[in-house]
Structure formats: C-alpha cells, structure tokens
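So the chains spell out like this:
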Amino acid sequence: MAQKLVIDPVTRVEGHGKVTVHLDDNNKVKDAFFHIVEFRGFERFIQGHPYWEAPVMVQRLCGICPVSHHLAAAKAIDQIVGVDPDDLSLPAQKIRKLMHFGQVFQSHALHFFYLASPDLLFGHDADPLKRNVVGVAMEHPKLAKKGILMRKFGQEIIKLVAGKRIHGISTTPGGVHRRISAKERNYFLDDKEIPSADTMIKWSVEIIDFIKEYHKKNKEFLDTFAAYPSGHLGLVKKENGFLELYDGVLRATDSEGNITLDDVANDDYNEHFYESVEKWSYLKFPYLKHLGREKGWNRVGPLARLNVCEGIETPLAEKEWLAFKAETNGKTNNSTMHTHWARLIEILYCAEMMKTILEDDDILSNDLVRKGKRRKEGVGIIEAPRGTLIHHYEVDDKDRITRCNLIVSTTHNNEPMNQAVRWVANNVLSGQPKITEGMMNQIEVVIRAYDPCLSCATHALGQMPLELVIYDQYGNIVDEKLR
Amino acid sequence: MKNCDNKTILIGIGNCGREDDGLGWAFLDEIKSKLPSHFDVEYRYQLQIEDAELISHYDAVYFIDAHKDTLENGFNCEKCIPVKTHHFSSHELPPETILFLAESIYDKKPESLIIGISGESFNLNIGLTEFAQQNLKNAVSFFEKNQLHISSLQAQ
C-alpha cells in the first residue's frame, strides 16, 4: 500500500519546515521533499517605506542572524546614497566587519554546540530526552561551558557595536553610528571580565581538534553520509580569491571545482541568477541562468565557501583550511557532513579576525560616514553564517522603496537540502519494514548540517512533538507515531 | 556590560509588543531607577541556555514574568527550585531549568525567586491592559517593601 511519511516540524533548526517521504507499495521511496511552510512577505510590505528604514526593518526577518540582514541592507542603501563598499571610511568598514565576525562567530557556536553536537556526541539513535543541548550540558559540561562563552563573546561584540545583541542598530547610510572606545575594546582583550579574543582563538582550535578526532573515529559516516555532487557558491576577495564574508565577488564552481561563475561583481548578480518556484514550498529555488534549473543550483555556507576560496588570510584558519583540503586531495569537497568541520574552521577565522580588528586603532576613529551622489538602486551581498545573502532595493524620487528582492542563504540551499533529504530517504528509509525514530532523525541530521534558517529564531531542543503519519494511497491514515 | 561584582540580578521576561506579555519588562522599567548599585537588570524575550552562565555570577536572581492565571493581589512570588525539565523548544526554557544548569555546569546556586504578575490579554499590541497595570503596581509596591529590602540585607 502506498504511504506518505511526514516529519513535521523538523527540529533543531531555525524556523519551521516539514519533510514528506512518499513510498510505493513495497515501501520503496518514490520521492521526498523538504517543505518550507512559512510565508514572510518582507519583500512586499517594505515597499513604500523610506530607504533608510530598510536595514532596521529587514533584520526582523530573523533573531539569529539579524546582523547579516542589517549589513546586507546597509550595503545596498550605501549605494542609494552614492557610497560603494570601497568608498566607506576604513573605521566604518572595520566596525561593520567586527560586528559581522561577531555575528558569524556566535551563530556558528550556537549551531555547533546547541543544535548539531547532540547528534555527534550521542548518536542518531540516542534517546531524544538526552539528545539535546541540556544533555550536552549534563554529560559534557566543559564543552558546554566553552560553547556558551563562545556564543556570549560573539553576542557581546554585536552588543558593543549595535547596542544590543538582537535587532540592534549600527549602520547609517554611508557608514556607522558610533566608534568604539578604548575601554570598550579592552573588555574583549584583557581576559578579565570575559574570556578574551585570544581565549576564543584557543578554544576554536580545540573544537577543530575535536571534529578532526571525531572524523578519525567516524570517517565513513562523515565522508559518505548524504554526500552528493553539487555546485558551490560564495563570495571571495576580489584581489586574491581568499575567503571573504563582508564584501567580495561572487564565485561558483561545479562539483569538480570547475568555475561556473567567475568572480562576478555584486551589481551584476541579477544577470546570472533565476529563481524558480514549486507548489509544495514557499521557498524559491535559485539557480545559475546559464546552467538551468536542473544543473545550476549551488550549495552555500561554510562548506561551499571553503570550496570556492583559494585561501584564508589568518594564519591558524589557513592552516586548518589546508588540512581540510588535504582530506579530499585538494579537490572540491561534496561531503555534506563535512559542513560541520568547515563551520568550525570559520569560527577560528572569525576569532582571529575579531582580535585583529579589536587591536586596530582605526575603530577608535570618528571618521564614520561618507556621502555621495544619490542613486535609484542598490545591491548588497554578504556571506551570512548560512551562506550568500543578497539584498536588492530600488527607490523613487521621494526616497520610497519601490522594489525589493531578497535571496537569503537558505534559499540557495533549498535544492541541496532536498537532495540531501532524498539521499537519506533512499539510503536509510527505503524498503524498511519499520521506520524507527532514529531513522527519522537521520533526515533531520542531514538538514541540520546546513543550519537552515527557515525564517525566524525558533530552535527546538530535540525532544519534540515529532509526528509521523502513514497514509494509504487514498489519503486515509493507516498509522501514526508521535514522540 | 555587566559588572560581575554586583550581587543581584532582575531578569524581566516577555514581549512588550504582545500587550500584557510585557509585564516582566514593565516591572523593570518601574523599578530599575530605584535599585541600589549592586542590582543589575536584564530584559529577555525568552530565557536561553547562556543565562545559566549569567546568573552564575550573582548571589540572588529574580525572574519576573507575566502570568496567565488570575492571582490573589494580582501577582505571586515563589521560590525557584532547580529542575531538569525538558521542553519541546528552547523558547520554553523555564527559570527552573536555567537554575538547574547554573548548578550543574557552574556549581552555583543563587537564591532565586519568580515573580509572576497576572495579565489578561496577550495579543499583538503595545501597552498593558488596565488590569495588568494595577497588578504591576501591586507587584512593584510589594517588591519595594519586601524583596528589595531582603536582598539588600543579603548583599551586605
């Protein structure tokens, strides 16, 4: 009898989504889908608002990565007032980057320690009562303490720059509102009130050592689980192709490392991307125009970024990146579970960059805002924790926003996540006479590797009302399972 | 930035954009200018795991939140006992779990009270109902007369 398995909601991710797996009469998987069931509408209701409100309003898309939306919108609005990224004052650039590195650092720490580590530490099949962050805190208190303080460090950096940890305001068109004081920066450097930036670097190295050790013990799982060929997309520094999170050019490669998007300027993104829609999801499916819907989709986020870049500017992260690349003999890495490893290398990169910027006297300067000649359009592209984030605004002569296009990171990962879900459905669930909770969790494990931000800041702990409903081919419920 | 030498923290929980759900924050708004220097306040939409680390630096913690039930005098004040609870979402981390984590991870168990203040409407709107405002007044008055005094003595 044909059946449909439903996981609703998917847990330990940001936002709400569900998975359906369609089985045939022999319990073989016919198809599987990752549905995003929320609708936001920001692109529409921001129309008519004055352009300077955009960075403040759009960050309400999310409680985890508001800084990324704030900065992507700010970069676009800079252009509306005639200021290109390179024209921003150095202090403003560095203060914005400091906040951005703090954001990526805290978001990655949140994801690894709170959301992903329970699966790695306890296993897919562990009791959900234990397989959560409270379980991690109980059984691995040293790890939990570090995770908490690393996230806190990133949040405190955001609070320093933007006034508060969530939905603060730092930018103004063409710059930033305020400088950093010497006393404020010493708080992060002197190792007195909170662990210092040096300690963050040290702990970041330790957590990379943890994942490398885990890889040694679980090589087959990390290398092969939901591994599949895909394109990879991210920003790189325009001068040398190195990892770039704040402002660079767009580069994409195919699964073999061949360039498919060759260092394209931000303003030209629209010439290269299309977005398709499917009736079963509110999330669009972006792809490269010249490759088409079937072949033009790309992964974004830590794994993609470490694939498309040619190096990292900070010494410790560069060393770890080289070791990471060596695992695949320098070739493109298509192992989905290696995304965790890549994310931790980025944590180290952010820690090193935060220290570098905090020690830079430019952030003490009052040279904060630039002005230029008014334009009607602006594009801001940034690497958010989860990948390439695109904001595009058009305004009229009365300063009102007339058009807004947002392609958020998780949108790029829509097709990759669906591919991953199908991989697990075909390789784990298909043909099984009985579907266990551990099997269902493996679908969530692979989704979590992408750290999807399905719109807002909802995190689930692991023990949750996961509902599995089995329907017959006529839509009648045959069996239900709740946990 | 918090001065960790301070001994007492008040954590207001809620959302002022949801009518009476803003009672926890409104309590802090009313009381914070009257607090001695060794008191800190924090506004929270929800408690998070890292709040266990925060409260581990204090000797006393007050969690102030809206209460859905109608309470005698409009509020209650109960001792918070550490409990290893388990909820569907980290949005639902209760004070008892935060206290439990502070004790488990940081070996710290600050004196802790939960002040619940009755609200009646939690829709999308800014501002407290008259019912909630009266209950807030009662709770603030009680705190000024009793808890503030007790905690001040504890801190000496």
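Residues numbered from 1 in each chain as written. Chains lettered and ligands numbered in written order. Predicted model: local features only at pLDDT ≥ 70, side-chain atom pairs only at ≥ 80, totals over all residues. Heavy atoms only, no water.

(A) Looking closely at the overall build of chain A. Counting its secondary structure elements, chain A contains 16 helices and 16 strands. At 22 Å, chain A has a C-alpha radius of gyration in line with the 23 Å of a compact globule built from 483 residues. Burial status across chain A gives 64% buried among its 483 residues. Sequence separation of 24 or more characterises 69% of the internal contacts of chain A that already satisfy a separation of 6 or more. About 17,800 Å² of surface is accessible on chain A, with carbon and sulfur atoms providing 49% of the total. Charged side chains of chain A number 62 positive and 66 negative; the gap between the two group centres comes to 3 Å. (Helix = DSSP H or I, 4+ residues; strand = E, 2+ residues; numbered from the N terminus. Rg over C-alpha atoms; globule rule 2.2 N^0.38 Å. Buried < 20%, exposed > 50% of the residue type's maximum accessible area, 1.4 Å probe, protein only. Contact = heavy atoms within 4.5 Å. Areas by Shrake-Rupley, 256 points an atom, 1.4 Å probe, with all protein chains shown as cover. Lys, Arg positive; Asp, Glu negative; His and termini not counted. Charge placed at Lys NZ, Arg CZ, Asp CG, Glu CD.)

(B) Expanded view of the overall build of chain B. A count of helices and strands for chain B gives 4 helices and 5 strands. Reading the secondary structure of chain B in the N-to-C direction produces β-α-β-α-β-β-α-β-α. Within the span of chain B, comprising 156 residues, buried residues form 53% of the whole. Long-range contacts, defined as pairs at least 24 residues apart, comprise 77% of the intrachain contacts of chain B with a sequence gap of at least 6. Carbon together with sulfur atoms contributes 48% to the accessible area of chain B, which is approximately 7,300 Å² in total.

(C) Representation of the sheet that holds strand β14 (residues 401-407) of chain A. Residue and element names in this part refer to chain A. Read across the sheet, 3 strands follow the order β12-β13-β14 without closing on themselves; strand pairing throughout is antiparallel. Of all strands in the sheet, those bounded by a partner on one side alone are β12 (377-384) and β14. For this sheet the average axis-to-axis angle between neighbouring strands, irrespective of direction, equals 10°. As paired strands, β12 and strand β13 (residues 387-395) are joined by 8 bridges and run antiparallel to one another. Counted as the bridge partner of glycine 378 is tyrosine 393 from β13. Taken strand by strand, helix α3 (residues 66-80) contacts β12 and β13, and its axis lies near 150° from that of β12. (Pairing = 2+ DSSP bridges. Axes fitted to C-alpha atoms, helices over the stretch in contact; angles between N-to-C directions.)

(D) How the structure looks around the packing of helix α6 (residues 141-162) of chain A against helix α8 (residues 197-217) of chain A. Residues and elements named next belong to chain A. At a minimum axis separation of 11 Å, α6 and α8 run at an interaxial angle of 135°. If you check the angle between α6 and α8, you find them oblique. By crossing handedness, the relation of α6 to α8 is classed as left-handed. On α8, the residues touching Leu143, Lys146, Leu149, Met150 and Phe153 of α6 are Ala197, Met200, Trp203, Ser204, Glu206 and Ile207. For the contact of α6 with α8, the residue count by class is 8 nonpolar, 1 polar and 2 charged. (Parallel < 35°, antiparallel > 145°, perpendicular 65-115°, else oblique. Left-handed = near helix turned anticlockwise from the far one by under 90°. Nonpolar A, V, L, I, M, F, W, Y, C, P; charged D, E, K, R; others polar.)

(E) Focus on the domain arrangement of chain A. Once the domains are mapped, chain A shows domain 1 (3-40 + 417-482) and domain 2 (52-412). The straight-line distance from the C-alpha centre of domain 1 of chain A to that of domain 2 of chain A is 27 Å. (Domains from an automatic or database assignment.)

(F) Up close: the packing of helix α4 (residues 90-122) of chain A against helix α13 (residues 338-358) of chain A. All names here are of chain A. Here α4 crosses α13 at 145°, and the two axes come no closer than 9 Å. Taken as a pair, α4 and α13 cross one another with a handedness that is left-handed. Together, Lys94, Lys97, Leu98, Phe101, Gly102, Val104, Phe105, His108, Ala109, His111, Phe112 and Ala116 of α4 and His340, Arg343, Leu344, Glu346, Ile347, Tyr349, Cys350, Ala351, Met353, Met354, Ile357 and Leu358 of α13 make up the contact between the two elements. Looking at the contact of α4 with α13 residue by residue, the class counts come to 16 nonpolar, 4 polar and 4 charged.

(G) Looking closely at the packing of aromatic side chains. A full pass over the atoms with the stated rule returns 19 aromatic pairs over all chains. Geometrically, the ring pair formed by Phe112(A) and Phe113(A) is edge-to-face, given 5.5 Å between the ring centres and 85° between the ring planes. For the pair shown, Phe112(A) and Phe113(A) are each scored as buried. Ring geometry for Phe27(B) and Phe143(B): centres 5.5 Å apart, planes at 85°, overall edge-to-face. Placement of the pair is Phe27(B) in helix α1 (residues 23-31) and Phe143(B) in helix α4 (residues 130-155), with a sequence separation of 116 residues. You'll find Phe27(B) and Phe143(B) in the same group, each marked buried. The structure contains a cluster of three or more aromatic residues connected by ring pairs, namely Phe105(A), Phe153(A), Tyr187(A) and Phe188(A). Just above the ring of Tyr246(A) sits the side chain of Lys75(A); from NZ or CZ to the centre is 5.0 Å. The ring of Tyr228(A) has Arg299(A) lying over it, and the distance from NZ or CZ to the ring centre is 4.2 Å. (Phe/Tyr/Trp six-rings, centres within 6.5 Å; stacked < 30°, edge-to-face > 60°. Lys NZ or Arg CZ within 6 Å of the ring centre and 35° of its normal.)

(H) The arrangement of the environment of Asn270(A) in detail. Residues and elements named next belong to chain A. Along the chain, asparagine 270 falls in the loop between β8 (259-264) and β9 (273-276). A sequence separation of 19 residues divides asparagine 270 from lysine 289, and the C-alpha atoms of the two residues are 9.6 Å apart. Among residues more than four places away in sequence, those in contact with asparagine 270 are Lys289, His392 and Arg403.

(I) Quick look at the environment of Asn441(A). Residues and elements named next belong to chain A. Checked against the element boundaries, asparagine 441 lands in helix α16 (residues 437-448). Looking at asparagine 441, the relative accessible area reads 0%, which means it is buried. Expressed as a C-alpha distance, the spacing of asparagine 441 and histidine 124, which sit 317 residues apart in the sequence, is 6.2 Å. At 3.3 Å, the side chain of asparagine 441 and the backbone oxygen of histidine 124 are in polar contact. (Polar contact = N/O pair within 3.5 Å; in protein donor to acceptor, adjacent residues only side chain to side chain.)

(J) How the structure looks around the state of the cysteines. Residue and element names in this part refer to chain A. Summed over all chains, the structure comprises 0 disulfides over all chains. As a non-bridged cysteine, cysteine 350 has cysteine 309 as the owner of its nearest cysteine sulfur, 13 Å distant. Distance from the sulfur of cysteine 404, which forms no disulfide, to the nearest cysteine sulfur (cysteine 65) is 15 Å. (Disulfide = S-S within 2.5 Å.)

(K) Structural context of the pairing of strand β7 (residues 249-253) of chain A. Residue and element names in this part refer to chain A. With 5 of its 5 residues buried, β7 lies for the most part within the structure. As paired elements, strand β6 (residues 231-236) and β7 share 5 bridges and run antiparallel to each other. Bridge pairing in β7 places leucine 233 opposite alanine 252. Relative to β8, β7 is paired through 3 bridges, and the arrangement is antiparallel.

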